[in-house]
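Listed below, chain by chain, are the residues.
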Amino acid sequence: MHIAIIGSGPAGFYAAEALLKRTDTEVHVDMFERLPTPFGLVRGGVAPDHQNIKAVTRVYDKTAARPTFRFLGNVRLGRDVTVEDLRQHYHQIVYAVGNEDDRRLGIPGEGIARCTPATVFIGWYNGHPDYRHARIDLSVSRVAVVGNGNVAIDAARILLRAPAELEKTDIAAHALEALRNSKVREVFILGRRGPEQASFTPVELKELGEMEDVDPILAPDELAGCTIPAAEGSSQQEKNLKILQSFTVRQPAANRKKLHLRFRVSPTEVIADSNGNVCGLALEKNRLETLPDGTVRAHGTGEMEILEVGMVLPAVGFAAERIAGVPYDEKARTIANEDGRVVDPINRAAIPGEYVVGWARTGPRGLIGSHKPASVHVVEHMMTDGAGLEARALPDSSAILSLLHQRGVQVVSFDDWKRLDDIEVVRGELRGAARDKIVDIEAMLSILNRR
Ligand SMILES: Cc1cc2nc3c(=O)[nH]c(=O)nc-3n(C[C@H](O)[C@H](O)[C@H](O)COP(=O)(O)OP(=O)(O)OC[C@H]3O[C@@H](n4cnc5c(N)ncnc54)[C@H](O)[C@@H]3O)c2cc1C
């Protein structure tokens, strides 16, 4: 079986591993990745102060070392290669393209200077080539981060961390420099619903209380009406409430930075000053309603306030990008699928030989480890559906490389990536860091051309 996997994040690598481990069929995997570098959000999303999490790439290295695996980096589906090309060259296709679009607040003023989607800020500090030129102006003292998930926590933590705590990490050099000169002293994390509905994970929430030089601040009445467990509790919600309660009794020191947590508020307008930069965020207080199915909805009360901030980072979710030829579910904003089998979004009929894994399948839910069983599950479908498919004759496996070459695409192999990896690690040693990332695709390609 010859299988194309599009995307080299965790879901793509776990699918590759499950396929290459099969003993019933010999599987050849070609993994296409739009960047010259692998690993998706492990490289470009996971925060630099979580280096231990990035060690998971060692597992992916082992998969990449298998003899029937090829990495085709710097190849974008929809630009360099089409779905039709893939159908001709492979028996099956797995889309593992993640969620590269962000959801918007949909309020007036959202596009003004210093109102920047958290995705951009995160890509910028992680050295993602798409965001290396993002204008992140840290000359302001107060920032609002809108959203109650781990992405909001990451953005707030990186804004407030002492730069010395980041020096040894793989944070992009341009971001480290900007953070050294940052004037940010206060960050507000804003949630539309209550503490009980926040989707922070407890480890990440607790970390907010453990940073050097930062006090988390939560007014006790924010927890009014919440059932706080007596002991630590076992569910995410109970653990979060316990941690939040501990924040309410902390005495903030005057000279330390401040991280405020605010609940039951919705932004209604980003306010600009006379230069067109953010100077405030209009907030409406919410009341919560529990629906019969248990979901909790926020409704505006009409009570307004203006939060004076100089920057707004919306972190309100992600969506899969539309790729030409790939069926898209407009409601879920994922690749249209039934349990990982790609389907026509209108009549829900399966598209033979096409599958989807990871965030492109489910939306932005789940940590890295959760993709392993989920990708294995989809691979089981592939093997059930694909019995006998290998009898279909395909072009020679070098044909796809020739096609890309004809189109002027410089394909980056895994060995090429390893050369870039070595260079980044050596550059990193100069500042005592895990690595110093190359953030420019042209620079990466020109290094690789110097053989
Ligand atoms: C800011 C942030 C921080 C996070 N921190 C943690 C954490 O600390 N711990 C944890 O466990 N989880 C964390 N997560 C979650 C974790 O990163 C995701 O669960 C996981 O990366 C999703 O895997 P994926 O393979 O579906 O997508 P991704 O990791 O996004 O990989 C998708 C890949 O597809 C490529 N691609 C996209 N379009 C194309 C195309 N057209 N052609 C070719 N290639 C394409 C992309 O370049 C990318 O490499 C974090 C997520 C975010 C956003």
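Rules used in this analysis
- Residues numbered from 1 in each chain as written.
- Predicted model: local features only at pLDDT ≥ 70, side-chain atom pairs only at ≥ 80, totals over all residues.
- Helix = DSSP H or I, 4+ residues; strand = E, 2+ residues; numbered from the N terminus.
- Rg over C-alpha atoms; globule rule 2.2 N^0.38 Å.
- Buried ≥ 20, exposed ≤ 12 C-beta atoms within 10 Å, placed from the backbone.
- Near = placed C-beta within 6 Å.
- Nonpolar A, V, L, I, M, F, W, Y, C, P; charged D, E, K, R; others polar.
- Domains from an automatic or database assignment.
- Contact = placed C-beta atoms within 7 Å.
- Axes fitted to C-alpha atoms, helices over the stretch in contact; angles between N-to-C directions.
- Parallel < 35°, antiparallel > 145°, perpendicular 65-115°, else oblique.
- Left-handed = near helix turned anticlockwise from the far one by under 90°.
- Pairing = 2+ DSSP bridges.
- Core = buried A, V, L, I, M, F, W, Y, C linked by C-beta atoms within 7 Å.
- Expected span 1.5 Å × (residues − 1).

## Quick word on the overall build of the chain
Okay, so step 1: Regarding its fold elements, the chain presents 16 helices and 19 strands.
Okay, so step 2: Computed over its C-alpha atoms, the radius of gyration of the chain comes to 23 Å, within 12% of the 22 Å expected for a compact globule of 451 residues.
Okay, so step 3: With the C-alpha coordinates aligned to their principal axes, the bounding extent of the chain is approximately 70 × 55 × 45 Å.
Okay, so step 4: The buried share of the chain, reckoned over its 451 residues, is 41%.

## A few points about the site of the ligand
Okay, so step 1: Neighbouring residues of the ligand: 35 residues in total, closest Gly-7, Gly-9, Gly-40, Gly-98 and Gly-358.
Okay, so step 2: A per-element tally of the shell around the ligand places helix α1 (residues 10–20) first, with three residues.
Okay, so step 3: Broken down by class, the residue content of the shell around the ligand amounts to 18 nonpolar, 12 polar and five charged.
Okay, so step 4: Two domains each donate at least three residues to the shell around the ligand, and these are domain 1 (2–100 + 319–449) and domain 2 (104–218 + 248–316).

## Some thoughts on the domain arrangement of the chain
Okay, so step 1: For the chain, the domain assignment lists domain 1 (2–100 + 319–449) and domain 2 (104–218 + 248–316).
Okay, so step 2: The C-alpha-based centres of domain 1 and domain 2 are spaced at 31 Å.
Okay, so step 3: Each side of the interface is counted separately: domain 1 has 18 residues, and domain 2 has 21 residues.
Okay, so step 4: Residues that form the side of domain 1 that touches domain 2 fall into these classes: seven nonpolar, five polar and six charged.

## Some details on the packing of α1 against helix α13 (residues 371–385)
Okay, so step 1: Taken N-terminus to C-terminus, the directions of α1 and α13 make an angle of 50 degrees; their axes are 8 Å apart at the nearest point. The angle between the axes of α1 and α13 places the two elements in the oblique class. The handedness of the crossing between α1 and α13 comes out as right-handed. Side by side, α1 and α13 meet where Pro-10, Ala-11, Tyr-14, Ala-15, Ala-18 and Leu-19 of the first sit next to His-371, Lys-372, Ser-375, Val-376, Val-378 and Val-379 of the second.
Okay, so step 2: Taken together, the residues of the contact of α1 with α13 break down into nine nonpolar, two polar and one charged.

## A few points about the packing of helix α15 (residues 414–429) against helix α16 (residues 441–449)
Okay, so step 1: At a minimum axis distance of 10 Å, the contact between α15 and α16 shows a crossing angle of 105 degrees. The orientation of α15 with respect to α16, classified from their angle, is roughly perpendicular. Of the residues in α16, those touching α15 at Asp-416, Arg-419, Leu-420 and Ile-423 are Met-444, Ile-447 and Leu-448.
Okay, so step 2: Looking at the contact of α15 with α16 residue by residue, the classes come out as five nonpolar, no polar and two charged.

## Remarks on the environment of Arg-114
Okay, so step 1: Within the element layout of this structure, Arg-114 appears in the loop between β5 (101–102) and α6 (118–125).
Okay, so step 2: Those residues in contact with Arg-114 that lie beyond four places of it in its chain are Asp-137, Val-140, Asn-277, Val-278, Gly-310 and Met-311.

## Notes on the sheet that holds strand β8 (residues 214–217)
Okay, so step 1: Strand order in this open sheet of five strands is β8-β9-β7-β6-β13, and the pairing throughout is parallel. Each end of this open sheet is capped by a strand with a single partner; those strands are β8 and β13 (311–314). Across the sheet, the mean angle from the axis of one strand to that of its neighbour is 20 degrees, orientation sign disregarded.
Okay, so step 2: Where strand β7 (residues 186–190) meets strand β9 (residues 257–262), five bridges bridge the pair, whose relative direction is parallel. Directly across from Phe-188, in β9, lies its bridge partner His-260.

## Side note on unusual backbone geometry
Okay, so step 1: With phi around 90 degrees, Phe-39 is a residue other than glycine that occupies positive phi space.
Okay, so step 2: Along the polypeptide, Phe-39 turns up in the loop between β2 (28–33) and α2 (40–44).
Okay, so step 3: The exposure class assigned to Phe-39 is buried, which follows from the 22 C-beta atoms found within 10 Å.
Okay, so step 4: In this structure, Asp-339 is a non-glycine residue whose phi angle is positive, near 55 degrees.
Okay, so step 5: With respect to the helices, strands and loops of the structure, Asp-339 is situated in the loop between β17 (337–338) and β18 (341–343).

## Examining the nonpolar core
Nonpolar side chains in soluble globular proteins tend to be buried together.
Okay, so step 1: Counting 111 residues, the largest nonpolar core has Ala-15, Val-145 and Ala-155 as its most contacted members.
Okay, so step 2: Looking at which element gives the most residues to this core, the answer is helix α7 (residues 150–160), with eight residues.
Okay, so step 3: Per-domain counts for this core show at least three residues from each of domain 1 (2–100 + 319–449) and domain 2 (104–218 + 248–316).
Okay, so step 4: Setting aside anything within four residues of it in sequence, one finds Val-145 in contact with Ala-118, Ala-152, Ala-155, Ala-156, Val-187, Phe-188, Ile-189, Leu-313 and Ala-315.

## Some words on the environment of Cys-226
Okay, so step 1: On the secondary structure map, Cys-226 appears in the loop between β8 and α11 (236–248).
Okay, so step 2: The class for Cys-226 is partly exposed, based on 15 C-beta atoms found within 10 Å.
Okay, so step 3: Between the C-alpha atom of Cys-226 and that of Glu-238, which follows or precedes it by 12 residues, the distance is 9.8 Å.
Okay, so step 4: Once residues within four sequence positions are removed from consideration, Cys-226 is found in contact with Gly-194, Pro-195, Glu-196 and Leu-241.

## As for the pairing of strand β19 (residues 350–356)
Okay, so step 1: For strand β4 (residues 92–95) and β19, the ladder comprises three bridges, and the chain directions are parallel. Within β19, the residue paired with Tyr-95 across the bridge is Val-356.
Okay, so step 2: Relative to β19, β18 runs antiparallel, the two sharing two bridges. Within the sheet, the bridge partner assigned to Arg-341 lies in β19 and is Tyr-355.
Okay, so step 3: Between the end of β18 and the start of β19, which pair antiparallel, lie six residues, with Arg-348 showing a positive phi angle near 60 degrees.

## Digging into α15
Okay, so step 1: Under the 1.5 Å per step criterion, the end-to-end length of α15 is 22 Å for 16 residues, consistent within 8% with the ideal 22 Å.
Okay, so step 2: Close packing links the buried residues of α15 with α4 (57–64), β3 (69–73) and α16.

## Comments concerning the sheet that holds β4
Okay, so step 1: Read across the sheet, seven strands follow the order β3-β2-β1-β4-β19-β18-β17 without closing on themselves; strand pairing throughout is mixed. One side of each edge strand has no neighbouring strand; the edge strands of this open sheet are β3 and β17.

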